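# A look at the structure
Listed below are the residues making up each chain.
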Amino acid sequence: MDIQTVGIIGAGTMGNGIAQACAVSGVKVVMVDISQAAVDKGLATVSGSLDRLIKKEKLTEAQKTAALGLIQGSTNYDDLKAAQLVIEAATENHELKRKILKQVDALLAPEVIIASNTSSISITQLAADTSRADRFIGMHFFNPVPMMALVELIRGYLTSDATHDAVKALALKLGKQPITVKNAPGFVVNRILVPMINEAFFVLAEGLATPEDIDAGMKLGCNHPIGPLALADMIGLDVCLAVMEVYLEEFGDSKYRPCPLLKEMVAAGQLGRKTGRGVYGY
């Protein structure tokens with residue numbers, strides 16, 4: 001299948017980032033959200049992001065105009081019928097995603113592929129809420145989407161080779177570097193990353209080093225661009241905690257127990273950048 005038009009459900013951070021990546025690569029986009037205000041905000045975010053690329057001389061005004069011309073904002077799910085692939089990029093909430101997927105599945109032609117941008121929810125479970133489990137796949141982009149090269153392609157239990165190959169071809173067309181992953185909690189990147197962050201909180205709680213030195217150690221010793229504690233602040237401590245709790249429940253292995261300090265900070269409302277205070281102050 002040649003994917004020429006992509007539908008995106010959700011105009012937030014991930015949705016508008018995916019829209020930008022598609023449009024800059026010449027792929028038509030229908031970006032849908034529940035309100036016109038949300039759609040307008042998403043389009044404005046894309047426009048601002050493209051302006052920054054122009055200032056860095058990575059894009060021309062003509063290319064910006066062409067990219068924006070390929071993005072159709074809408075509040076009407078019927079407009080998704082033009083797409084060969086629809087990517088659900090709603091908030092990381094299982095029940096919300098199930099509701100959206102059931103609605104979209106009933107609307108789209110049988111041959112249309114549906115992908116979820118989930119970072120933690122079972123692709124097999126989400127696929128089961130549709131009538132097209134063979135044409136359902138996880139397509140986990142990383143934030144910020146226009147800058148991050150990686151896309152995890154997560155195969156559900158019934159995902160077909162044709163579906164995987166079509167979505168992989170699109171990812172490559174967008175200039176991304178896809179990796180193929182089996183369905184499991186956290187997939188690959190977050191399965192490794194979040195327990196590392198959790199361990200950094202154990203190191204901090206034990207007083208082995210200051211936050212600054214822990215982060216400096218991982219940056220200088222492991223060549224990480226950002227330390228694990230600063231990254232936790234960026235992701236959100238509540239998100240990190242929620243992921244660890246899912247791992248503990250799903251795997252039943254005590255090595256995934258959340259650090260008590262992480263739990264305490266979340267209980268105190270110190271969630272990171274979004275609240276102005278986490279491990280560090282903002």
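What counts, and where the lines are drawn
Each chain has its residues counted from 1, following the order in which its sequence is written. With pLDDT at 70 or above as the cut-off, local features in this predicted model cover only qualifying residues; side-chain atom pairs require 80 or more to be listed or tallied, and sums for whole chains, interfaces and linings still use all residues. Side-chain numbers come from the whole structure's heavy atoms, not from hydrogens or water. Here a helix means four or more residues in a row that DSSP labels H or I, a strand means two or more in a row labelled E, and each is numbered from the N terminus. Here the radius of gyration uses the C-alpha set of atoms, whereas the globule reference equals 2.2 Å times the residue count to the power 0.38. Buried residues are those whose accessible area, probed at 1.4 Å on protein chains only, stays under 20% of the maximum for their type, while exposed residues exceed 50% and partly exposed ones sit between those limits. Pairs of residues are marked as contacts when any of their non-hydrogen atoms sit within 4.5 Å. Residue-level accessible areas treat just the shown protein chains as cover; the underlying method is Shrake-Rupley with a 1.4 Å probe. Residues scored as charged are limited to Lys and Arg (positive) and Asp and Glu (negative), so that His and the chain ends carry no count. Every charge is mapped to an atom, namely NZ of Lys, CZ of Arg, CG of Asp or CD of Glu. Working definition: a ring pair exists when centres of Phe, Tyr or Trp rings (six-membered ring for Trp) sit within 6.5 Å. Plane angles under 30 degrees give stacked, over 60 give edge-to-face, the rest tilted.

## A short note on the overall build of the protein chain
Counting secondary structure elements, the protein chain contains eleven helices and eight strands. Taken over the C-alpha trace, the protein chain has a radius of gyration of 20 Å; the compact-globule value for 282 residues is 19 Å, and the two agree within 12%. The C-alpha extent of the protein chain, read off along each of the three principal axes, is 55 × 45 × 35 Å. Per-residue burial for the protein chain yields a buried fraction of 47% across its 282 residues. For the protein chain, restricting intrachain contacts to residue pairs at least 6 apart in sequence, the fraction spanning at least 24 positions comes to 65%. As displayed, the protein chain offers around 13500 Å² of accessible surface, 54% of which is attributable to carbon and sulfur atoms. The positive charge centre, built from 27 side chains, and the negative charge centre, built from 30, are 3 Å apart in the protein chain.

## A short note on the packing of aromatic side chains
Taken as a whole, this structure holds three aromatic pairs when the rule is applied. Taken together, the ring pairs in this structure connect Tyr247, Phe251 and Tyr256 into an aromatic cluster.

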